[in-house]
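So the chains spell out like this:
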Number of protein chains: 2
Amino acid sequence: MTAGLYKKGINGFLRSAGTNIFTRNMSLDASKLEIIKTTTPKAKLPNDQLVFGKTFTDHMLEIEWTSEKGWGKPVISPYHNLSMDPSTCVLHYAFELFEGMKAYRDSEDKIRLFRPDKNMERMNKSAARIALPTFDGEELIKLIDQLVLLDQDFVPKGAGYSLYLRPTLIGTTASLGVGIPDRALLFVIASPVGSYYGKTFKPVALEATDYAVRAWPGGSGNRKLGANYAPCVQPQIEAASRGYQQNLWLFGKEGYVTEVGTMNAFFVFKTSDGKKELVTAPLDGTILEGVTRDSILELCRERLSSDEWTISERPFTIHEVQEKAEKGELIEAFGAGTAAVVSPIDRIGWRGKDIAVPAGNGDAGELTKTLAEWIRQIQYGEKQFKNWSREAK
Amino acid sequence: MTAGLYKKGINGFLRSAGTNIFTRNMSLDASKLEIIKTTTPKAKLPNDQLVFGKTFTDHMLEIEWTSEKGWGKPVISPYHNLSMDPSTCVLHYAFELFEGMKAYRDSEDKIRLFRPDKNMERMNKSAARIALPTFDGEELIKLIDQLVLLDQDFVPKGAGYSLYLRPTLIGTTASLGVGIPDRALLFVIASPVGSYYGKTFKPVALEATDYAVRAWPGGSGNRKLGANYAPCVQPQIEAASRGYQQNLWLFGKEGYVTEVGTMNAFFVFKTSDGKKELVTAPLDGTILEGVTRDSILELCRERLSSDEWTISERPFTIHEVQEKAEKGELIEAFGAGTAAVVSPIDRIGWRGKDIAVPAGNGDAGELTKTLAEWIRQIQYGEKQFKNWSREAK
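Residues numbered from 1 in each chain as written. Chains lettered and ligands numbered in written order. Predicted model: local features only at pLDDT ≥ 70, side-chain atom pairs only at ≥ 80, totals over all residues. Heavy atoms only, no water.

In the nomenclature of an unreviewed UniProt entry, chain A corresponds to Branched-chain-amino-acid aminotransferase from the organism Pichia sorbitophila. Quoted verbatim from the Cofactor (unreviewed entry) field of the UniProt record, the comment on chain A reads "pyridoxal 5'-phosphate". (UniProt positions renumbered as here; feature names shortened; annotations may be inferred.)

Moving on: the domain arrangement of chain A. Residue and element names in this part refer to chain A. The domain boundaries assigned to chain A delineate domain 1 (30-37 + 44-193) and domain 2 (204-386). When each unit is reduced to the centre of its C-alpha atoms, the spacing between domain 1 and domain 2 is 27 Å. Taken residue by residue, the interface counts 27 residues in domain 1 and 25 residues in domain 2. Summing the contributions of domain 1 and of domain 2, the shared interface buries around 2200 Å²; its carbon and sulfur component is 58%. Three residues stand out in domain 1 for area buried against domain 2, namely Phe-98, Phe-114 and Arg-122, and they jointly supply 29% of the buried area on that side. (Domains from an automatic or database assignment. Contact = heavy atoms within 4.5 Å. Buried area = accessible area lost by both parts, 1.4 Å probe.)

Residue and element names in this part refer to chain A. Under the criterion given, the structure shown has 58 salt bridges over all chains. Between Glu-34 and Lys-73 there is a salt bridge; the shortest N-O distance is 2.8 Å. Here Glu-34, found in strand S3 (residues 34-35), pairs with Lys-73, found in the loop between strand S5 (70-71) and strand S6 (75-78); they are 39 residues apart in sequence, far enough to count as distant. Classification of Glu-34 by relative accessible area gives partly exposed; the value is 31%. For Lys-73, a relative accessible area of 47% translates into the label partly exposed. Where Glu-373 meets Arg-376, a salt bridge forms, and the shortest distance between an N and an O atom there is 2.9 Å. Here the residue Glu-373 and the residue Arg-376 both occupy positions in helix H8 (residues 366-379), the gap between them amounting to 3 residues, near one helical turn. Classification of Glu-373 by relative accessible area gives partly exposed; the value is 32%. Each of the salt bridges in this network shares a partner with another, and the network as a whole consists of Arg-115, Lys-118, Asp-294, Glu-298, Glu-302 and Lys-386. (Salt bridge = Lys/Arg side-chain N within 4 Å of Asp/Glu carboxyl O. Helix = DSSP H or I, 4+ residues; strand = E, 2+ residues; numbered from the N terminus. Buried < 20%, exposed > 50% of the residue type's maximum accessible area, 1.4 Å probe, protein only.)

In structure tokens, the structure reads:
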């Protein structure tokens, strides 16, 4: 089987075509890095001119993979266009996945990555889901460190500012046959950014959406694939035409709340026992395994008093949100993701009416603010927490 | 709203940035075609060396679109690599869609396209689904005609041989923000091909798949998007590890039969009234609107006697297929698509057992053969049917 051959190729030995010896199929090896520095460095933009994902640093990282030879030599070289045959499978069949992660400048001008191991773990899950090659995540982190250190002058200073990193893996087989890619390119580009929504704590209005469906059990909505994004833009345009920035994706006739497409969704409810409940949807295959989502759950479980709080990953519906709001038991709501970290939600459109979310009027709810600050302190190296912030070196 | 702006931009007038006059937003215009011919023509391969989608003709067609100016000048030029910024949205968010269509050489050496208007209609539906620009399909057909005529020496001769055409539309905005692409590229490449599966009437074995789901209501499985393909390859690898070439995608706990991913699926049943029923799944949003599917239904409705046949687009389940097979009432089954035209199915794996399909033993069922011949006659211009075969000129 071709499939078996490739799997074997990734981790072990592969008989190379046309020879009778066994060739080592190479794993990703950061020690082989070659660096070619730019001779025409770009000017750095002032913080107030940074637009998310529009400008990039001087360099990029690339590693080619082939089914025959495995991972090739990592190369950091000046940021440049990619050249590809028009039949390349990434352009036709969406063999593409990515990660979003950030590098932060701390008060001592050291550069720090936030939980990069979680991104590597997820990137490998995404790769396996669409038959692209997996790799040793720690090796890729070493390489990303080198890229970040080389371009460290692009890492902006200040709360909310960071260098957004975009590891991307694409299939590069030049053939229109639908099959397992036998060539791939892993590349990393870096963009200095401020807050995703333009400024911190600009509340977002969501439209609860059930006529279009983002993800399905047995689909791939739990992986960070390109395929999950383009189909969500037309519903977003429709939501925008009614005054909502993003969709709150529902699932099923029950109206389960899943996620926002670029963020996971969190709600704070008052409960009948006088406590508060922080609720987000469970990892049931229809939502992305957000690193910020995971960080929030872990921080809240460690730092919020269980006398006062229940932290829940459980199914809940838009009807429950609406009922809670009507009874005055919806305290606050926010989205969570790498790009925006936490974004207060101030209203949710549902069947032509708005569910108003308290404490979102031009600002954020209490827990939203607390979490933003907890995470900021770790990201910028002010406080240590479980080695989440790793100095690039 | 940005959305409204772009919609207006496509069909009407748009105020161009930095000026105070209105600029006409251009629609696709074939009369503006520029042709740059190759100076290094490729050798033509003999028919027995043609591999689907691996080699391409001397030229390709390209048309750029921007939200500001609309469709630009169409250019046919030597086949070449595309150069794109690594942040281009097609590589990250799967802003990509395509069509599959074929050009045939008739006995008078004229080149013919099969129902290209259906491909244009579907391509526009795909574009609208992911916020890419739509266009006048007849204009694109004129341009494809010119490409095919320029490269007509690449159109192979002989039954089963043709020039596979791949119109593709990708978003080319260089930005990591998820939003409506403000730049796009429509390109067409052409590959001389034989039969998709290597030879005509090589029966395929399918594995009925319910643990992974290809499409769902409210998703985009009914559009020819790149996003529908990569997530289906891993389940195909699993099916292959058990000896099946493709997946027969089921839907829901009922086990509805949908399609094969690269083909629609047809079954012929004996019915209790002594007639035969040709059955395929309805266009309910979870299957692709196949041009071959549509052609088969129309030909069967016109040419098969209704005393003997019922032609059904209706929901049916894998359980019904299994029951029919057990009772000896499954007569034949086949897949239908542009690449393979019709492919006999000889067995379907389902929960560890095989459903054997009669008349598929090394060859094809009676209706499969009849349909292949009916369609071949029209595609190669031997018989006219409703202007389905259009001479390129």
